[in-house]
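Observations on the three-dimensional arrangement
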Amino acid sequence: AKGTEMWSEAEEMLHLAPDVTSIFYRALHLFRTPPALLWLAQVFRLRSAKPRTSEEDMMEALDALEEMLGRHDGPYFLGSMFSLVDVVYAPVAERMLALAPYLLGSEFDVHVSKEWPSVRRWHQSMLSRPTYSRIAQDRETIIRVFHLQAAYFQGTPHLSLPPVVTGSFPTNLPKSSVESEQEYRREAAHTLVSSHVQVL
């Protein structure tokens, strides 16, 4: 009976994953130019009768993770058991935890704020797992990729980082030792090869 109940809960959490992901990406879309916003909104079918701020959307996404992770003693979605639910949420969660404080301020940093303790514990536990830590993207890479995506949707798909973002989007990137397209490709290939066991 307990196993059946846990499976039902896992199924519910997996069912909610697309919704949480959509809320998160909706928060990011508001930092892009109007054409990109309209195009992405059509792709993800994000409609809202009342306009929402990025802060509201990001908080809703983080709150959803906190609610699910807080159902058990943790540190994972299903308590002490690492499961498929953690695997499914990991890609979007790592981007959320990197971009939220970068775009919206330190109050959205789960490792500083007291608002989302279960999310913080989950992320720390995930990073302590060798198989995850070897393939997880670092914060700097996530931020740089987001800048490149913003450039692409504005019609300037360069690997360099031109100041093309508008509005409140910050342009101050952390310095990186990777300076060229060739070095980006070498770094990606090296990471993939060195982590092939974890990836497979």
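Note that this is a predicted model, so its numbers are computed, not measured. (Residues numbered from 1 in each chain as written. Predicted model: local features only at pLDDT ≥ 70, side-chain atom pairs only at ≥ 80, totals over all residues. Heavy atoms only, no water.)

**With respect to the overall build of the protein**
Filter applied, for reference: Going along the chain from the N terminus, every DSSP run of H or I of four or more residues is numbered as a helix, and every run of E of two or more is numbered as a strand. Only protein chains enter the accessibility calculation, which uses a 1.4 Å probe; a residue whose area is less than 20% of its type maximum is buried, one above 50% is exposed, and one in between is partly exposed. Contact between two residues is taken to exist if any of their heavy atoms lie within 4.5 Å; hydrogens are not considered. To measure how exposed things are, a 1.4 Å probe is used in the Shrake-Rupley method; for residues, cover is taken only from the protein chains shown.
Along its length, the protein carries 9 helices and 0 strands. When the helices and strands of the protein are listed from N to C terminus, the series reads α-α-α-α-α-α-α-α-α. Taken across its 200 residues, the protein has 38% of its residues classed as buried. Within the protein, residue pairs in contact and separated by at least 24 positions form 69% of the contacts whose partners lie at least 6 positions apart. Total accessible area on the protein stands at roughly 11,700 Å², and carbon and sulfur atoms take up 57% of it.

**Section: the confidence of the model for the protein**
Threshold: You can read pLDDT as the predictor saying how much it trusts each residue, on a scale of 0 to 100.
Residues at a pLDDT of 70 or more form 66% of the protein, whose mean pLDDT is 76. Looking at the elements of the protein, mean pLDDT is at its lowest for helix H2 (residues 34–44), recorded as 49, and at its highest for helix H5 (residues 117–127), recorded as 95. Between residues 157–178, whose pLDDT stays under 50, and residues either more than four places distant or in other chains, the model counts 46 contacts.

**A short note on the packing of aromatic side chains**
So the rule is basically this: Aromatic contacts are taken between Phe, Tyr and Trp rings whose centres are within 6.5 Å, Trp giving its six-membered ring; a plane angle under 30 degrees counts as stacked, one over 60 as edge-to-face, and the others as tilted.
By the definition in use, this model includes 5 aromatic pairs. Between Phe24 and Tyr25 the ring centres are 5.1 Å apart and the planes differ by 50°, which places this aromatic pair in the tilted class. Given the relative accessible area of 0%, Phe24 is considered buried. Judged by its relative accessible area of 25%, Tyr25 is partly exposed.

**Topic: helix H3 (residues 54–69)**
The following threshold applies: Between the first and last residue of a helix there are one fewer steps than residues, each counted as 1.5 Å, and that sum is the expected span.
For H3, which comprises 16 residues, the first-to-last C-alpha distance of 23 Å matches the rise-based estimate of 22 Å (1.5 Å per residue) to within 8%. Inspection of H3 places Ser54, Asp57, Met58, Ala61, Leu62, Leu65, Glu66, Met68 and Leu69 among the buried residues, and these make up the whole buried set.

**What to know about a nonpolar patch on the surface**
Put simply, the rule reads: Surface patches are defined over residues having more than 30% relative accessible area and no salt bridge, joining like charges when they lie within 9 Å and nonpolar side chains (Val, Leu, Ile, Met, Phe, Trp, Tyr) when within 5 Å. Think of a salt bridge as a Lys or Arg side-chain nitrogen and an Asp or Glu carboxyl oxygen that are within 4 Å of each other.
Among the surface-exposed residues, Phe82, Leu84, Val87 and Val88 lie close enough to one another that they form a single nonpolar patch of about 320 Å² accessible area. As for its position among the elements, Val87 is in helix H4 (residues 84–104). Look at Val87 and you get partly exposed, because its relative accessible area is 43%.

**Some remarks on the packing of H4 against H5**
Cut-off, in case you're wondering: Angles shown run from 0 to 180 degrees and are taken between the N-to-C directions of axes, each axis being a line fitted to C-alpha atoms and, for helices, limited to the stretch in contact. Oblique is the label for any angle not covered by the other classes, which are roughly parallel (under 35 degrees), roughly antiparallel (over 145) and roughly perpendicular (65 to 115). Asp, Glu, Lys and Arg are counted as charged, while Ala, Val, Leu, Ile, Met, Phe, Trp, Tyr, Cys and Pro are counted as nonpolar; the rest, among them Gly, fall into the polar class.
Taken N-terminus to C-terminus, the directions of H4 and H5 make an angle of 110°; their axes are 11 Å apart at the nearest point. Taken as axis vectors, H4 and H5 run roughly perpendicular relative to one another. Taking contact as the criterion, the partners of Asp86, Tyr89, Ala90, Ala93 and Leu97 in H4 are, on H5, Val119, Trp122, His123 and Met126. Tallied by class, the residues present in the contact of H4 with H5 amount to 7 nonpolar, 1 polar and 1 charged.

**Observations regarding the pattern of salt bridges**
A side chain with one charge can pair with a side chain of the opposite charge if their charged atoms come near. The final tally for this structure, using the stated rule, is 6 salt bridges. Between Glu12 and Arg71 there is a salt bridge whose closest N-O contact spans 3.2 Å. Here Glu12, found in helix H1 (residues 2–29), pairs with Arg71, found in the loop between H3 and H4; they are 59 residues apart in sequence, far enough to count as distant. Classification of Glu12 by relative accessible area gives partly exposed; the value is 38%.

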